[in-house]
Amino acid sequence: MSLLRSRAAVIAACAAALIVLASPVARQTLEARLVTHMLVQMPLLALIGFGVARAISADPPRWLAAWNRAGTTGLLLALFVAMFWMLPRAMDAALVDARFEAGKFVSLPLAGSAVAWSYPQAGPIVKGVLNAHVVSAFGIMGWAYLAAPARLCNGYLASDQQAAGAGLLAAGLALSVHFAMRILRGPTRPRAPAGASVAARLCIDTK
Amino acid sequence: MTLRPAGATAVASATVILAGLGTLWHATDGLAAFTAEGARRLAVETTPRPVPAAAIVTGDGRVVDLPVAGRPLLVEFIYTSCPTICTSLGQEFLQIQQALSRRGLGGRVHLMSLSFDLDRDTPAMLAAYAAYHGADPAIWTVGRPQGAGALRSLLDAFGVTVIPDADGAYVHNAAIHYVGADGRLARIFDLGEVDAVVSFIESAAP
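Residues numbered from 1 in each chain as written. Chains lettered and ligands numbered in written order. Predicted model: local features only at pLDDT ≥ 70, side-chain atom pairs only at ≥ 80, totals over all residues. Heavy atoms only, no water.

K.L.:
Sorry if this is basic, but what is going on with the interface of chain B and chain A here?
P.N.:
A common way to express how large an interface is: the accessible area buried when the components associate. Listed by partner, the interface residues are 30 residues for chain B and 21 residues for chain A. Surface buried jointly by chain B and chain A totals about 2200 Å² across both partners, of which 72% is contributed by carbon and sulfur atoms. Viewed at the interface, chain A and chain B are joined by 1 salt bridge. As a salt-bridge pair, Asp29 of chain B and Arg89 of chain A come within 2.9 Å of each other at their nearest N and O atoms. Where chain B touches chain A, the interface holds 10 residue pairs in polar contact (both at pLDDT 80 or more). Elements that contribute at least two residues to the side of chain B that touches chain A include exactly α1 (5–27), α2 (36–46), β7 (162–164) and β8 (170–172) of chain B. Residue contributions to the side of chain B that touches chain A peak at 13 residues, all from α1 of chain B. In terms of residue class, the side of chain B that touches chain A is made up of 18 nonpolar, 9 polar and 3 charged. (Contact = heavy atoms within 4.5 Å. Buried area = accessible area lost by both parts, 1.4 Å probe. Salt bridge = Lys/Arg side-chain N within 4 Å of Asp/Glu carboxyl O. Polar contact = N/O pair within 3.5 Å; in protein donor to acceptor, adjacent residues only side chain to side chain. Helix = DSSP H or I, 4+ residues; strand = E, 2+ residues; numbered from the N terminus. Nonpolar A, V, L, I, M, F, W, Y, C, P; charged D, E, K, R; others polar.)

As structure tokens, this is what we get:
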């Protein structure tokens, strides 16, 4: 009962957060600067989707699992959504075109829930590649925003672009520290028993 | 549903990949434009877009119509108190004016500097900007749209975004816009492309 209640509380909190983020005041405030648009609003939207999905169930629902073996489909979906919103013109469009803005408020929570129901299912190699990819994406984007000779977004000042670049680099650094700490602390999931096959040790689903 | 999980996942993943690649391809005009500015330039080149009619108040107090019937235009958006990029825009227009006069092409195109700062840019300010940059009234007009509505529709049609800066200044995507004799915005040149602009005018049908 308390589990149910806490689940409902998480979902309600996420829904409330989504409503607050969608309010004109929050949108204007967060979208006024590129750094908050990109590094506060967008991650929060994804986090809301992640939170709701995890509150519904830790594992993906059975009907979905069949389409999402090893989390492949969900991770691909999240990657494409992330790539789309990394386009400077997509962010510019969200400022002036309500369809893009609405699309952002749907696609990012969707990507967040896709991660929640896919990342834990992925094998360790895929996870490692993804982690490295995400860190390098932050690094490359940060460098691109810092080094770009012209403004990338018509809707933002050049100083904003610099701040966003620095923010992206900082986020990439924070993520890499986080991943490094996890490696240093050792695996979080229990080790496969000594007699288990190599496949089982690598958490590869052989069924 | 009889698909085995691996088969179902393969189908779903392939769908996501195709949809994702298709969306990214579409959203970047076939990987040609990653920024709104790049998209704007590509869009007008592939599909020249009509410029709305607008009344322009000039520095010498006249009111002229935009677009100018039957005459191609080079348009740039400025504000006269701009300390940085509009000065470059003004200098480039002067270079274009000089190059066109030298080659006897002054009649081919009309230059128009349009201010978006309706509050501060009075006709007197516009006239001062024209004089400072050496505008020849036969070739180059400095003006501003008459009224906020006209300004809005012009900025929208040209795809120019103006955002206020910290200290009363503005930031805007600066460029030199070519409007053909048919009244359509057909090319957008970057700052520093004076030679390209002049040879474009030279090669365009008189």
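K.L.:
What exactly am I supposed to notice about a nonpolar patch on the surface here?
P.N.:
Residues and elements named next belong to chain A. Side chains of Leu173, Val177, Met181 and Leu184 sit close together on the surface and give an oily, nonpolar patch of about 430 Å² of accessible area. Mapped onto the secondary structure, Val177 falls in helix α9 (residues 158–185). Residue classification places Val177 among the partly exposed positions, given a relative accessible area of 46%. (Patch = residues over 30% accessible without salt bridge, like charges linked within 9 Å, V, L, I, M, F, W, Y side chains within 5 Å. Areas by Shrake-Rupley, 256 points an atom, 1.4 Å probe, with all protein chains shown as cover. Buried < 20%, exposed > 50% of the residue type's maximum accessible area, 1.4 Å probe, protein only.)

K.L.:
I tried to follow the pattern of salt bridges on my own but got confused; where do I start?
P.N.:
Pairing of side chains with opposite charge becomes possible as their charged atoms draw close. Across all of its chains, the model carries 14 salt bridges over all chains by this definition. Across the pair Arg33 of chain A and Asp160 of chain A runs a salt bridge, and its minimum N-O distance is 2.3 Å. Residue Arg33 of chain A is found in the loop between α2 (24–31) and α3 (34–56), and its partner Asp160 of chain A is found in helix α9; the two are separated by 127 residues along the sequence. For Arg33 of chain A, a relative accessible area of 38% translates into the label partly exposed. Classification of Asp160 of chain A as buried rests on a relative accessible area of 3%. Between Glu37 of chain B and Arg41 of chain B there is a salt bridge, with the nearest N and O atoms lying 2.7 Å from each other. Of this pair, Glu37 of chain B and Arg41 of chain B both sit in helix α2, 4 residues apart, roughly one helical turn. Linked through salt bridges whose partners overlap, the residues forming this network are Arg27, Glu31, Glu101 and Lys104 of chain A.

K.L.:
Would you take a moment to explain the environment of Ala169 of chain B for this structure?
P.N.:
Residue and element names in this part refer to chain B. Mapped onto the elements of the fold, Ala169 is located in the loop between β7 and β8. Overall, Ala169 belongs to the buried group, its relative accessible area being 15%. When near neighbours in sequence (up to four residues on either side) are disregarded, Ala169 contacts Tyr79, Ile163 and Pro164.

K.L.:
Got a minute to help me understand the nonpolar core in this structure?
P.N.:
One recurring pattern in soluble globular proteins is that nonpolar side chains are buried together. Core analysis: the biggest nonpolar cluster contains 53 residues, and Leu74, Ile96, Leu111 and Phe158 of chain B have the highest contact counts within it. With 6 residues, the top contributor of residues to this core is helix α3 (residues 85–102) of chain B. The residues touching Ile96 of chain B, leaving out its near neighbours within four places in the chain, are Leu74, Leu111, Ile176, Val194, Val197 and Val198 of chain B. If you look at the next biggest cluster of nonpolar residues, it comprises 33 residues, including Leu21, Met38 and Trp85 of chain A together with Ala27 of chain B. (Core = buried A, V, L, I, M, F, W, Y, C linked by side-chain atoms within 4.5 Å.)

K.L.:
Looking at this structure, I do not really get the sheet that holds strand β6 (residues 140–145) of chain B. What am I missing?
P.N.:
Whether parallel or antiparallel, the strands of a sheet pair through hydrogen bonds between backbone atoms. All names here are of chain B. With mixed pairing, the 8 strands of this open sheet are ordered in space as β1-β10-β9-β4-β5-β6-β2-β3. One side of each edge strand has no neighbouring strand; the edge strands of this open sheet are β1 (49–50) and β3 (63–66). In this sheet, β6 lies alongside strand β5 (residues 110–115) in parallel orientation, the contact comprising 4 bridges. Directly across from Ser113, in β6, lies its bridge partner Val142. On the sheet, α3 packs against β4 (73–78), β5, β6 and β9 (176–179) and is oriented at approximately 160 degrees with respect to β4. Each of β2 (54–58), β4, β5 and β6 touches helix α4 (residues 123–132); the most contacted strand, β6, lies at about 155 degrees to it. (Pairing = 2+ DSSP bridges. Axes fitted to C-alpha atoms, helices over the stretch in contact; angles between N-to-C directions.)

K.L.:
Even after reading the chapter, I still don't get unusual backbone geometry, so can you show me in this structure?
P.N.:
With glycine set apart, most residues show a phi of negative sign, and most peptide bonds adopt trans. Residue and element names in this part refer to chain A. Despite not being glycine, Ala70 shows a phi value in the positive range, around 55 degrees. Along the chain, Ala70 turns up in the loop between α4 (62–65) and α5 (72–85). Classification of Ala70 as partly exposed rests on a relative accessible area of 41%.

K.L.:
I tried to follow the packing of α3 of chain A against helix α7 (residues 98–116) of chain A on my own but got confused; where do I start?
P.N.:
The angle between the axes and the distance between the axes are what describe a pair of packed helices. All names here are of chain A. Orientation of α3 relative to α7, taken along the N-to-C sense of each, is 50 degrees, at an axis distance of 6 Å. In this view, α3 runs oblique relative to α7, as classed from their interaxial angle. Both α3 and α7 take part in a crossing whose hand is right-handed. Along the contact surface, α3 presents His37, Gln41, Met42, Leu45, Ala46, Gly49, Phe50, Ala53 and Arg54, while α7 presents Glu101, Lys104, Phe105, Leu108, Pro109, Gly112, Ser113, Val115 and Ala116. (Parallel < 35°, antiparallel > 145°, perpendicular 65-115°, else oblique. Left-handed = near helix turned anticlockwise from the far one by under 90°.)

K.L.:
Help me understand helix α6 (residues 194–203) of chain B in this model?
P.N.:
Residues and elements named next belong to chain B. If you check which residues of α6 are buried, you get Val194, Val197, Val198, Phe200 and Ile201. One side of α6 carries all its buried residues, which in axial view fall inside an arc of 160 degrees. With respect to the buried face of α6, the exposed residues turned more than 90 degrees away are Asp195 and Ser203. (Arc of directions from axis to C-beta.)

K.L.:
Help me understand the pairing of β2 of chain B in this model?
P.N.:
Along any regular strand, the residues point their side chains to alternate faces of the sheet. All names here are of chain B. Most of β2 sits inside the fold, with 4 of its 5 residues counted as buried. Count of turn residues in the β2/β3 antiparallel hairpin: 4 residues, of which Gly61 carries a positive phi of about 85 degrees. When β2 meets β6, the two strands line up antiparallel, connected through 3 bridges. Bridge pairing in β6 places Ile56 opposite Pro145.

Coordinates in, geometry out; function isn't part of it.
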